There are 2 protein chains.
Amino acid sequence: MSLEILNENRCFGGWLKQLSHPSEKLNCSMRFSIYLPPNASEQHKVPVVYWLSGLTCTDENFMQKAGAQRIAAELGIALVAPDTSPRGETVPDDPEGAYDFGLGAGFYLNATEAPWNKHYLMYDYITEELPALVESLFPVSELRAISGHSMGGHGAITIALKNPERFKSVTAFSPICNPMSCPWGEKALSGYLGEDRAQWTDYDSTYLLSCCEDQIPMLVDQGSADQFLAEQLKPETLLSAAPEGYPLDYRLQEGYDHSYYFIASFIEDHLRFHSKYLL
Amino acid sequence: MSLEILNENRCFGGWLKQLSHPSEKLNCSMRFSIYLPPNASEQHKVPVVYWLSGLTCTDENFMQKAGAQRIAAELGIALVAPDTSPRGETVPDDPEGAYDFGLGAGFYLNATEAPWNKHYLMYDYITEELPALVESLFPVSELRAISGHSMGGHGAITIALKNPERFKSVTAFSPICNPMSCPWGEKALSGYLGEDRAQWTDYDSTYLLSCCEDQIPMLVDQGSADQFLAEQLKPETLLSAAPEGYPLDYRLQEGYDHSYYFIASFIEDHLRFHSKYLL
């Protein structure tokens with residue numbers, strides 16, 4: 001289990017690289033993908049946007065389907081896409097192979113319940129271990145922003161709200177806004193954190209936004225034809241929780257669904273939004 | 001086995017649709033994907049670029065990974081991506097499950113050898129049946145261009161050279177330029193057409209270009225780091241076959257490989273190239 005470059009592809013004048021590395025926090029080998037724009041060099045470290053993917057994804061979906069490298073190349077911003085959970089033979093998994101818990105469904109939190117608490121510490125991995133590794137290996141600066149989709153939108157918003165000194169801006173597509181009160185969230189939070197709902201607030205975007213002290217610029221896109229909108233995503237809870245004057249730009253995009261075709265259609269806006277705070 | 005819309009996704013203001021339909025030529029049910037730009041309507045039929053994919057692909061790879069919809073939306077051009085072979089329980093397949101013959105490897109020709117000649121008539125399907133269907137179902141005009149990757153680059157160039165009245169322009173990424181003299185091509189042509197190499201010339205871009213009478217504008221991109229370049233693709237044969245003054249723009253792109261990351265990096269150039277002849 002050592003640091004290894006799995007793939008390298010030239011892309012829009014820069015380089016896409018996929019790596020595996022031993023993770024101390026997650027106690028397993030982890031993969032991530034990074035896109036380095038053409039202007040990244042040891043003499044010119046570039047800012048970075050972390051992308052957190054949704055349920056069932058790996059580090060590959062975003063890099064293959066979002067079309068983000070074109071804009072990242074133009075803006076001179078790196079992109080980092082981690083996996084969505086710890087993986088491997090030693091990592092416990094949902095016994096029934098659920099798509100929404102365990103493998104591919106880490107929910108970007110620190111699990112406290114056994115057996116998940118030995119590996120499912122994605123919050124620490126995303127906020128600390130992965131940025132430290134990325135910044136040690138690549139010409140990437142400490143100017144960071146964070147984005148994500150669905151479960152990853154939940155991850156991006158909760159992590160940004162709790163770490164305004166580490167992330168300059170946050171954007172999300174179709175985020176799970178109020179996991180304390182939707183089926184995906186209740187299953188994950190009870191499984192990873194136990195039945196004491198007071199512990200869940202720490203990973204609920206709506207709750208965290210309602211009591212946040214710092215302001216972090218936030219852009220949220222939601223498709224009106226998203227099949228998960230009413231039951232799982234609940235953006236209205238986030239909107240009503242935002243303190244007066246909070247810099248949250250929420251856009252309901254008519255006719256768009258939950259797919260990567262929606263993300264691809266608006267990812268340019270998200271990267272340009274981040275660039276205002278990173279460049 | 002009837003016409004059916006399998007998926008519809010809003011994308012860059014237009015619509016991506018995936019359909020299945022009974023194919024008379026191929027004697028099975030076939031899938032294809034079409035992207036309709038926002039300005040397409042019964043009052044405004046739009047030109048169309050056909051995209052032929054490479055070995056092992058379906059109609060989905062290009063639409064998910066190339067990022068072409070953004071430019072198609074801007075230019076007002078439809079995109080159509082067919083499957084790469086006939087499929088289904090009644091369709092014969094390579095007995096050893098080869099990736100480069102049979103399923104996913106139709107080579108865009110009309111097979112003459114049994115048992116392939118009952119289904120593997122992709123040439124007729126791409127040149128006649130599919131355009132007729134597309135133009136009957138969607139607000140797409142008879143202004144057509146054709147593009148493709150690898151095996152699909154071979155398909156695009158051979159089809160364009162033989163049908164200059166049906167396609168205004170042709171572009172290719174990493175095409176198999178001389179299938180009569182490379183392993184992929186020799187396997188496919190002998191399998192589908194038999195051992196008489198005189199029959200093979202009809203599906204060899206290099207041969208067809210050397211004796212073509214019409215000129216069809218052609219753009220070819222090839223990555224210098226493509227693992228298949230020397231053994232399978234052989235663009236030098238195409239270049240040396242082009243008659244003096246033939247409108248062939250060949251670009252060797254330094255460091256790029258055979259992947260969709262290469263295609264995504266330059267697809268904009270290809271669609272803008274086609275737009276000069278379609279709009």
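This one's a predicted model, so the numbers in the text were calculated from it and none came from an experiment.

1. Structural notes on the overall build of chain A
Now for step 1: Of the regular secondary structure elements, chain A holds nine helices and nine strands.
Now for step 2: Computed over its C-alpha atoms, the radius of gyration of chain A comes to 17 Å, within 12% of the 19 Å expected for a compact globule of 279 residues.
Now for step 3: Put simply, 72% of the contacts in chain A that link residues at least 6 apart link residues at least 24 apart.
Now for step 4: Per element, the accessible surface of chain A, about 10,300 Å² overall, is 47% carbon and sulfur.
Now for step 5: Measuring between centres, the 19 positive side-chain charges of chain A sit 6 Å from its 37 negative side-chain charges.

2. Notes on the UniProt feature "active site" (unreviewed entry) in chain A
Residues and elements named next belong to chain A.
Now for step 1: In this structure's numbering, the residues bearing the UniProt feature "active site" (unreviewed entry) are Ser150, Asp226 and His258. Over a stretch of 109 residues, the named residues converge on one spot in the fold, their C-alpha atoms separated by at most 10.7 Å.
Now for step 2: Looking at the element boundaries, serine 150 is found in the loop between strand E6 (140-149) and helix H4 (151-162).
Now for step 3: Sequence-distant contacts of serine 150, that is, excluding residues within four places in its chain, are made with Gly54, Phe173, Ser174, Pro175, Ile176, Trp184, Leu233 and His258.
Now for step 4: Mapped onto the secondary structure, aspartate 226 falls in the loop between strand E8 (218-223) and helix H7 (229-233).
Now for step 5: Taking the relative accessible area as the measure of exposure, aspartate 226 reaches 5% and is therefore buried.
Now for step 6: At 3.2 Å, the side chain of aspartate 226 and the side chain of glutamine 222 are in polar contact.

3. Overview of the pattern of salt bridges
Residue and element names in this part refer to chain A.
Now for step 1: Going through the model one piece at a time under the given rule, you end up with 24 salt bridges over all chains.
Now for step 2: Measuring nitrogen to oxygen at the nearest pair gives 3.4 Å for the salt bridge that ties aspartate 202 to lysine 162. Here aspartate 202 is found in the loop between helix H5 (183-193) and helix H6 (205-210), whereas its partner lysine 162 is found in helix H4, with 40 residues between them in sequence.
Now for step 3: Owing to a relative accessible area of 36%, aspartate 202 belongs among the partly exposed residues under this scheme.
Now for step 4: Notably, a salt bridge pairs aspartate 269 with arginine 251, separated by 2.9 Å at the nearest N-O pair. Within this pair, whereas aspartate 269 is found in helix H9 (residues 260-278), its partner arginine 251 is found in strand E9 (residues 248-253), the two being separated by 18 residues in sequence.
Now for step 5: You can call aspartate 269 partly exposed: its relative accessible area is 32%.
Now for step 6: Through salt bridges with shared partners, one network takes in Arg70, Glu74, Glu268 and Arg272.

4. Focus: the sheet that holds E8 of chain A
Now for step 1: Across the sheet, nine strands lie side by side as E1-E2-E3-E5-E4-E6-E7-E8-E9 (chain A); this open sheet has mixed pairing. The sheet is open, and its two borders are formed by strand E1 (4-11) and E9 of chain A, each paired with just one other strand. With direction set aside, neighbouring strand axes in the sheet form an average angle of 20°.
Now for step 2: Pairing analysis gives nine bridges linking strand E2 (residues 14-23) of chain A to strand E3 (residues 28-36) of chain A, with the strands arranged antiparallel. By the bridge assignment for E3 of chain A, proline 22 of chain A is matched with serine 29 of chain A.
Now for step 3: H9 of chain A contacts strand E4 (46-52), strand E5 (78-82), E6, strand E7 (170-173), E8 and E9 of chain A of the sheet and is inclined by roughly 175° relative to E7 of chain A.
Now for step 4: Across the face of the sheet, helix H9 (residues 260-278) of chain B comes into contact with E1 and E2 of chain A while running at roughly 25° to E1 of chain A.

5. Let's talk about H5 of chain A
All names here are of chain A.
Now for step 1: Trp184, Gly185, Ala188, Leu189, Ser190, Tyr192 and Leu193 are the residues of H5 that are buried.
Now for step 2: Along its buried surface, H5 packs onto H7.
Now for step 3: Note on H5: the residue one or two positions beyond its end, glycine 194, has a positive phi of about 90°.

6. Notes on the sheet that holds strand E2 (residues 14-23) of chain B
Now for step 1: The strand order across the open sheet formed by nine strands is E1-E2-E3-E5-E4-E6-E7-E8-E9 (chain B), and the pairing between neighbours is mixed. Lying at the two open borders of the sheet, with one neighbouring strand each, are strand E1 (4-11) and strand E9 (248-253) of chain B. Sheet twist, expressed as the average angle between the axes of neighbouring strands with direction ignored, equals 20°.
Now for step 2: Judged from the seven bridges that link them, E1 of chain B and E2 of chain B form a sheet pairing that is antiparallel. For asparagine 7 of chain B, the partnering residue across the bridge sits in E2 of chain B and is glutamine 18 of chain B.
Now for step 3: The sheet strands contacting H9 of chain A are E1 and E2 of chain B, and the helix crosses E1 of chain B at an angle near 25°.
Now for step 4: Sheet strands touched by helix H3 (residues 122-137) of chain B: E2, strand E3 (28-36), strand E4 (46-52), strand E5 (78-82) and strand E6 (140-149) of chain B. Its angle to E3 of chain B, the strand with the most contacts, is close to 55°.

7. Let's talk about the state of the cysteines
Residue and element names in this part refer to chain A.
Now for step 1: Evaluation of the coordinates by the stated rule reveals zero disulfides over all chains.
Now for step 2: Between cysteine 28, a cysteine without a disulfide, and cysteine 57, which holds the nearest cysteine sulfur, the sulfur-to-sulfur distance is 18 Å.
Now for step 3: No disulfide involves cysteine 212; its sulfur sits 7.1 Å from the nearest other cysteine sulfur, which is in cysteine 211.
Now for step 4: Of the residues examined, cysteine 212 reaches a relative accessible area of 19% and is grouped as buried.

8. Points about the packing of aromatic side chains
Now for step 1: Counted under the stated rule, the structure contains 30 aromatic pairs over all chains.
Now for step 2: Pairing tryptophan 51 of chain B with phenylalanine 173 of chain B gives two aromatic rings, centres 5.9 Å apart and planes at 55°, and the pair type is tilted. With a gap of 122 residues between them, tryptophan 51 of chain B in strand E4 and phenylalanine 173 of chain B in strand E7 (residues 170-173) connect regions that are remote in the sequence.
Now for step 3: Taking the relative accessible area as the measure of exposure, phenylalanine 173 of chain B reaches 0% and is therefore buried.
Now for step 4: A ring pair is formed by tyrosine 256 of chain B and phenylalanine 266 of chain B, whose centres lie 5.0 Å apart and whose planes are at 70°; its orientation type is edge-to-face. Taken as a pair, tyrosine 256 of chain B in the loop between E9 and H9 and phenylalanine 266 of chain B in helix H9 lie far apart in primary sequence, 10 residues in all. When sorted by exposure, tyrosine 256 of chain B lands in the same class as phenylalanine 266 of chain B, which is buried.
Now for step 5: Three or more aromatic residues link up through ring pairs in this structure, and these residues are Trp51, Phe62, Phe173, Tyr256, Phe262 and Phe266 of chain A.
Now for step 6: Sitting above the plane of the tyrosine 123 of chain A ring, lysine 162 of chain A keeps its charged end 4.4 Å from the centroid.

9. Looking at the relation of the copies chain A and chain B
Now for step 1: Placing chain A over chain B gives an RMSD of 0.0 Å and needs a rotation angle of 180°, together with 0.0 Å of translation along the axis. On the angle and the small slide along the axis, the relation comes out as a two-fold axis.
Now for step 2: A shared binding surface is used by both copies, with 100% of the interface residues of chain A retained as interface residues in chain B.

Basis of the calculations
Residues numbered from 1 in each chain as written. Chains lettered and ligands numbered in written order. Predicted model: local features only at pLDDT ≥ 70, side-chain atom pairs only at ≥ 80, totals over all residues. Heavy atoms only, no water. Helix = DSSP H or I, 4+ residues; strand = E, 2+ residues; numbered from the N terminus. Rg over C-alpha atoms; globule rule 2.2 N^0.38 Å. Contact = heavy atoms within 4.5 Å. Areas by Shrake-Rupley, 256 points an atom, 1.4 Å probe, with all protein chains shown as cover. Lys, Arg positive; Asp, Glu negative; His and termini not counted. Charge placed at Lys NZ, Arg CZ, Asp CG, Glu CD. UniProt positions renumbered as here; feature names shortened; annotations may be inferred. Buried < 20%, exposed > 50% of the residue type's maximum accessible area, 1.4 Å probe, protein only. Polar contact = N/O pair within 3.5 Å; in protein donor to acceptor, adjacent residues only side chain to side chain. Salt bridge = Lys/Arg side-chain N within 4 Å of Asp/Glu carboxyl O. Pairing = 2+ DSSP bridges. Axes fitted to C-alpha atoms, helices over the stretch in contact; angles between N-to-C directions. Disulfide = S-S within 2.5 Å. Phe/Tyr/Trp six-rings, centres within 6.5 Å; stacked < 30°, edge-to-face > 60°. Lys NZ or Arg CZ within 6 Å of the ring centre and 35° of its normal. Least-squares fit on C-alpha atoms with pLDDT ≥ 70 in both.

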